[in-house]
Amino acid sequence: QYVMMEPIHMHMNNVSIKIKVSQAGVLSKYIQNTYKKLLLITVFSSVTTAAVLNIAAPYVMAHVEFSPTSMHVLQVASIANVFLSLFTANSLLLMLTNKIKLLAIIVMVSASIVITGGMMLAGSGFENLVYAYLGATIFAGMISTIYANKVMKNASSIIFARLM
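Residues numbered from 1 in each chain as written. Predicted model: local features only at pLDDT ≥ 70, side-chain atom pairs only at ≥ 80, totals over all residues. Heavy atoms only, no water.

Undergrad: Teacher, can you tell me more about the overall build of the chain here?
TA: When helices and strands are tallied, the chain shows six helices and zero strands. For the chain, the N- to C-terminal ordering of α and β elements is α-α-α-α-α-α. Taking all 164 residues of the chain together, 36% fall into the buried category. Residue pairs in contact within the chain that sit at least 24 positions apart in sequence constitute 77% of those at least 6 positions apart. Counting every atom, the chain has about 9,700 Å² of accessible surface; 71% of that belongs to carbon and sulfur. (Helix = DSSP H or I, 4+ residues; strand = E, 2+ residues; numbered from the N terminus. Buried < 20%, exposed > 50% of the residue type's maximum accessible area, 1.4 Å probe, protein only. Contact = heavy atoms within 4.5 Å. Areas by Shrake-Rupley, 256 points an atom, 1.4 Å probe, with all protein chains shown as cover.)

Undergrad: Just to check I follow, could you spell out a nonpolar patch on the surface for this structure?
TA: Side chains of V60, V64 and F66 sit close together on the surface and give an oily, nonpolar patch of about 280 Å² of accessible area. Here V64 lies in helix α2 (residues 24-64). (Patch = residues over 30% accessible without salt bridge, like charges linked within 9 Å, V, L, I, M, F, W, Y side chains within 5 Å. Salt bridge = Lys/Arg side-chain N within 4 Å of Asp/Glu carboxyl O.)

Undergrad: Is there a simple way to think about the packing of helix α3 (residues 68-96) against helix α4 (residues 101-121) in this case?
TA: Each pair of packed helices can be described by the angle between their axes along with the distance between the axes. Between α3 and α4, the shortest axis-to-axis distance is 9 Å and the interhelical angle comes to 155°. The orientation of α3 relative to α4 falls into the category roughly antiparallel. Together, F87, S91, L94 and M95 of α3 and L103, I106 and V107 of α4 make up the contact between the two elements. Here the residues of the contact of α3 with α4 sort into six nonpolar, one polar and no charged. (Axes fitted to C-alpha atoms, helices over the stretch in contact; angles between N-to-C directions. Parallel < 35°, antiparallel > 145°, perpendicular 65-115°, else oblique. Nonpolar A, V, L, I, M, F, W, Y, C, P; charged D, E, K, R; others polar.)

Undergrad: Looking at this structure, how should I read the confidence of the model for the chain?
TA: Where the model shows low pLDDT, its predicted coordinates should not be examined in detail. Considering every residue of the chain, the mean pLDDT works out to 84; 84% of them sit at 70 or more. Of all secondary-structure elements in the chain, the lowest mean pLDDT belongs to helix α6 (residues 155-163), at 62, while α4 reaches the highest, 94. (pLDDT = per-residue confidence, 0-100.)

Undergrad: I'm lost on the packing of α4 against helix α5 (residues 129-152) in this one. Help?
TA: Where α4 contacts α5, the two axes come as close as 8 Å, and the packing angle between them is 160°. The angle between α4 and α5 places the two elements in the roughly antiparallel class. Helix-helix and strand crossings are classified by hand; for α4 and α5 the assignment is right-handed. Contacts from L102, I106, V109, S110, I113, V114, G117, G118 and L121 in α4 reach L129, Y131, A132, Y133, G135, A136, F139, A140, I143, S144 and Y147 in α5. Broken down by class, the residue content of the contact of α4 with α5 amounts to 15 nonpolar, five polar and no charged. (Left-handed = near helix turned anticlockwise from the far one by under 90°.)

Undergrad: What is the right way to look at the environment of A57 in this model?
TA: One can find A57 in helix α2. With 15 residues separating them along the chain, A57 and H72 place their C-alpha atoms 9.3 Å apart.

Undergrad: Explain the nonpolar core here, please?
TA: Grouped burial of nonpolar side chains is what soluble globular proteins tend to show. Formed by 18 residues in total, the largest nonpolar core has its most connected members in Y35, L93 and L94. At the level of elements, α2, α3, α4 and α5 are the ones that each hand at least two residues to this core. When residues of this core are assigned to their parent elements, the largest contribution, six residues, is made by α3. Listed in part, the five residues of the second largest apolar core include V76, A77, V130 and L134. (Core = buried A, V, L, I, M, F, W, Y, C linked by side-chain atoms within 4.5 Å.)

See the structure below:
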């Protein structure tokens, strides 16, 4: 994902030098299209990976003789990783627009969810800790998406002002 964002930053820097403030809509459309591509690629690759893991896990586990508990943890964690990937994609846009404060808050709240949920679920078995991870990643993925969409409305102005 970083590899995708570096050329975008360079392109926006070059475009911002050439265009006038009244043409900031060009930069806005570029940012929106790039963000949509980033989200689509991220979600597609993470969902595909999770699907492959969930489909292939029973066959692999049968050959290496892992426990059903390990398979269950793998399946839940692979779903949680989809939301973590969503958070990562959103955080790239938010870092590009220099909106880092809420990202730090999201990370702290997510860590609190894992710690608190983990402490509550540990009594019912350590394999249930994965649900705290799932809850934290769902929170991080959803809140960062909401915030990224809010920032997206003014992203061109933010970036244009920063680059000028």
